[in-house]
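Structural overview
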Amino acid sequence: MDIEIYADVVCPWCYIGKRRLEKALASYPHDVTIRYSPFQLDPSPVPRPEPTIEALARKFGGPERARQITEHTAQTAARDGLEIDFAKSLTANTFDAHRLVRLADRDGKSGEMVSALYEAHFADGVDVGSHAELARLAGSIGLDSSAAAAYLASGEGTAEVRAALAEARTLGITAVPMFIFAGKYGVSGAQEPATLLEVLAEVEKREAAVS
């Protein structure tokens, strides 16, 4: 079965959703092919990275409200075995990170690249909008970091990512994660593994009925 995931690498619920899907697939007996498609929570330029918690405080009406929201999210992530530190994570425009995922996909490493980007952003405080850091992360999963740096500097992949972002808008995707099963069944949000297994079974049933 094909599963397409629309997500952003600075989206905590996308990170949680990816982990939950992995847990579901660990007990799923059939083969799946996963494709990662880009979405940007905020496409605005980021002239100077700052702690995410500070940006959220402005967005949600103050530090206390931001702390409440982020603590809940971090606690949920921890129950799924993920570390999220909003005080350490940095704001970033993720367009080039999505380009890097496209590059990694050429070597069948898009999933590894996405995981490395999530961990770098949420746990390690890495600026995932930095070409130098992105190239380093590419090297950390076995890609050629120099080739990745040249790719990022060249602008290659820009048109493809822009087209994919436009496609997400055309499909009416306004929130992520969004999982598309078998090219036509959409499920939004970081669903629990048991729910995702139910979705997989239902999609199998529907696809068998029309085949």
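I will try to describe carefully the structure that is included in this document. All of these numbers come straight from a predicted model, not from anything done at the bench. (Residues numbered from 1 in each chain as written. Predicted model: local features only at pLDDT ≥ 70, side-chain atom pairs only at ≥ 80, totals over all residues. Heavy atoms only, no water.)

If you look at the biggest cluster of nonpolar residues, it comprises 61 residues, and the most contacted ones within it are Ile3, Met113, Leu117, Tyr118, Val128 and Phe181. Per element, the largest residue contribution to this core is seven residues, and it comes from helix H5 (residues 110–122). Every residue in contact with valine 128, bar those within four places of it in the chain, is listed here: Val9, Val10, Ala92, Asn93, Ala97, Leu117, Ala120, His121 and Leu134. (Core = buried A, V, L, I, M, F, W, Y, C linked by side-chain atoms within 4.5 Å. Buried < 20%, exposed > 50% of the residue type's maximum accessible area, 1.4 Å probe, protein only. Helix = DSSP H or I, 4+ residues; strand = E, 2+ residues; numbered from the N terminus. Contact = heavy atoms within 4.5 Å.)

Attention now moves to the layout of surface pockets. Empty space within the largest pocket amounts to approximately 770 Å³. Leu41, Asp42, Thr52, Leu56 and Lys59 are, among the 29 residues lining the largest pocket, the residues nearest its centre. Elements represented by at least two residues in the lining of the largest pocket include exactly helix H1 (12–26), helix H2 (52–60), helix H3 (63–79) and H5. At six residues, the largest contribution of residues to the lining of the largest pocket is made by H2. Within the lining of the largest pocket, the residues separate by chemical class into 17 nonpolar, six polar and six charged. (1 Å grid on protein atoms, 1.4 Å probe; cavity = no way out; pocket = protein on both sides within 12 Å on 5 of 7 lines; lining within 4 Å. Points joined across faces, edges and corners; volume = space filled by probe spheres on them. Nonpolar A, V, L, I, M, F, W, Y, C, P; charged D, E, K, R; others polar.)

Turning next to the sheet that holds strand S4 (residues 185–188). Pairing within the open sheet is mixed, and its four strands lie in the order S2-S1-S3-S4. Strand pairing shows two members of the sheet lacking a second neighbour, strand S2 (33–38) and S4, which therefore form its edges. In this sheet, adjacent strand axes meet at a mean angle of 20 degrees when their direction is disregarded. With four bridges connecting them, strand S1 (residues 2–7) and strand S3 (residues 178–181) associate as antiparallel partners. Within S3, the position partnered with isoleucine 5 by the bridge is phenylalanine 179. Across the sheet, H1 is in contact with S1, S2 and S3; its angle to S1 comes to roughly 165 degrees. (Pairing = 2+ DSSP bridges. Axes fitted to C-alpha atoms, helices over the stretch in contact; angles between N-to-C directions.)

With that settled, consider the packing of helix H4 (residues 95–105) against H5. In the contact formed by H4 and H5, the axes pass within 7 Å of each other and the chain directions differ by 150 degrees. Comparing the axis directions of H4 and H5 gives the class roughly antiparallel. For H4 against H5, the interelement crossing comes out right-handed. In contact with Ala97, Leu100, Val101, Ala104 and Asp105 of H4, H5 contributes Ser110, Met113, Val114 and Leu117. Partitioning the contact of H4 with H5 into residue classes produces seven nonpolar, one polar and one charged. (Parallel < 35°, antiparallel > 145°, perpendicular 65-115°, else oblique. Left-handed = near helix turned anticlockwise from the far one by under 90°.)

The subject of this paragraph is unusual backbone geometry. Looking along the chain, the bond that leaves valine 176 and enters proline 177 is cis, with omega of 10 degrees. By the secondary structure assignment, proline 177 is in the loop between helix H8 (158–170) and S3. Here alanine 182, not a glycine, exhibits a phi torsion of approximately 55 degrees, which is positive. Inspection of the secondary structure puts alanine 182 in the loop between S3 and S4. Classification of alanine 182 by relative accessible area gives partly exposed; the value is 24%.

Scope: geometric values only; no functional claims are made or implied.
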